[in-house]
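Per-entry structural report
Chain residues, written in single-letter form:
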Amino acid sequence: MSIIQVEHLKSFFKTDEGIVKAVDDVSFELRENEILALVGESGCGKSVTAQTILGLLKSPPAMIEGSIKYHGQELVGLSNKAYHKLRGKEIGMIFQEPMSAFDPLYTVGDQAAEAVAVHSKLNKPEIRDKIIAMFNKVGIPEAENRYDEYPHQMSGGMLQRMLIALTLACDPKVLIADEPTTALDVTIQAQVLNLMRDLQNEFNTSIIFITHDLGVVAELSDRIHVMYAGKIVEKADVVELFDHPKHPYTKGLLASRLKREMKGQILPFIKGTVPRAFEFPEGCRFHPRCPHAMEICKQKDPDPVAFENGHVCSCWLYLKQNKTDGVESQ
């Protein structure tokens, strides 16, 4: 059963340099009690997609079209007042930089208490007890003492745990995690990922996990959507995508993963960079970097092609095969 349905979502911005097509015709669903990963390089539109779902983009200047439904309720066009009730309580978000997510002038406990107070009828002692219990749940040592400390007194890993605890203390049904392990060292990353999986199982929370790290995706996610230049180019469950990647961009991302046997070798990479959002090329937006680009790729954006096991890919390689190999387009 779907808890969030996104259909033909567009998030554009008008600038002096042109129309920024940050998210362009994106569709996906988040199912109950699953972890869905949005994967792609920086500038692909992952974070803007999350911000649009949470209603964090003002319209204007943002131009938002399409549909976002949460349990059937349409969110596009929802008032700020209605969104205020929804954020935190129904949909929570863990931001990329935990240090910037906390106000340095207030203790972490006071900031967490303020968030919980907005969405509950608990009194101050009950709120404090709930937050300390959640601190303990995410593995923060000496939780009672930490409650009264300031952000600068803690490490990045500790703050990330506190941010997760703060978000979960409001009992959200959906959690959006935007690159939550990027600023952490490898050992802390592993702890945070294990923590998120354990908490997801315990609280039955549905998670949209945003990352550029396919190693993280393999450990955590149920399904993967690969984004490039504002569009989703491939969708599959995690095992299917790693075993049978279809899109050249997905294959490039997988080939770029670091491996132990690469020591002393030139590391693999995808040539070029993601184009700026107001300079997207005509046709398939990946064609300037694609080793398999054909003339049609430069002229027209490919339609999605459906394979077995719910695998979907938007690439002219498979639309071309459609005529002879029996592959059906959506």
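Computed from a prediction, not measured in an experiment: that's the story for all the values here. (Residues numbered from 1 in each chain as written. Predicted model: local features only at pLDDT ≥ 70, side-chain atom pairs only at ≥ 80, totals over all residues. Heavy atoms only, no water.)

So, on to the pattern of salt bridges. Note that side chains of opposite charge can pair when their charged atoms are close. Within the structure shown, the criterion is met by twelve salt bridges. Between Asp24 and Lys231 there is a salt bridge, with its nearest N and O atoms 4.0 Å apart. With Asp24 in strand 2 (residues 18-31) and Lys231 in strand 10 (residues 231-237), this residue pair connects regions lying 207 residues apart in the sequence. Note on accessibility: Asp24 and Lys231 belong to one class, buried. With its nearest N and O atoms 3.8 Å apart, the salt bridge here joins Asp222 to Arg197. (Salt bridge = Lys/Arg side-chain N within 4 Å of Asp/Glu carboxyl O. Helix = DSSP H or I, 4+ residues; strand = E, 2+ residues; numbered from the N terminus. Buried < 20%, exposed > 50% of the residue type's maximum accessible area, 1.4 Å probe, protein only.)

This brings us to empty space enclosed by the protein. Counted according to the given criterion, the structure contains two cavities of 30 Å³ or more. Its volume calculated, the largest cavity comes out at about 80 Å³. Lining the largest cavity are 14 residues, and of these Cys284, Cys290, Cys297, Cys315 and Trp316 sit closest to its centre. Residue composition of the lining of the largest cavity, grouped by class: ten nonpolar, four polar and no charged. Its volume calculated, the second largest cavity comes out at about 50 Å³. Every residue lining the second largest cavity is listed: Ile164, Leu168, Leu175, Met196, Leu199, Gln200, Phe203, Thr205 and Ile207. Those elements that provide at least two residues to the lining of the second largest cavity are helix 7 (156-169) and helix 8 (186-203). In terms of residue count, helix 8 provides more of the lining of the second largest cavity than any other element does, four residues in total. (1 Å grid on protein atoms, 1.4 Å probe; cavity = no way out; pocket = protein on both sides within 12 Å on 5 of 7 lines; lining within 4 Å. Points joined across faces, edges and corners; volume = space filled by probe spheres on them. Nonpolar A, V, L, I, M, F, W, Y, C, P; charged D, E, K, R; others polar.)

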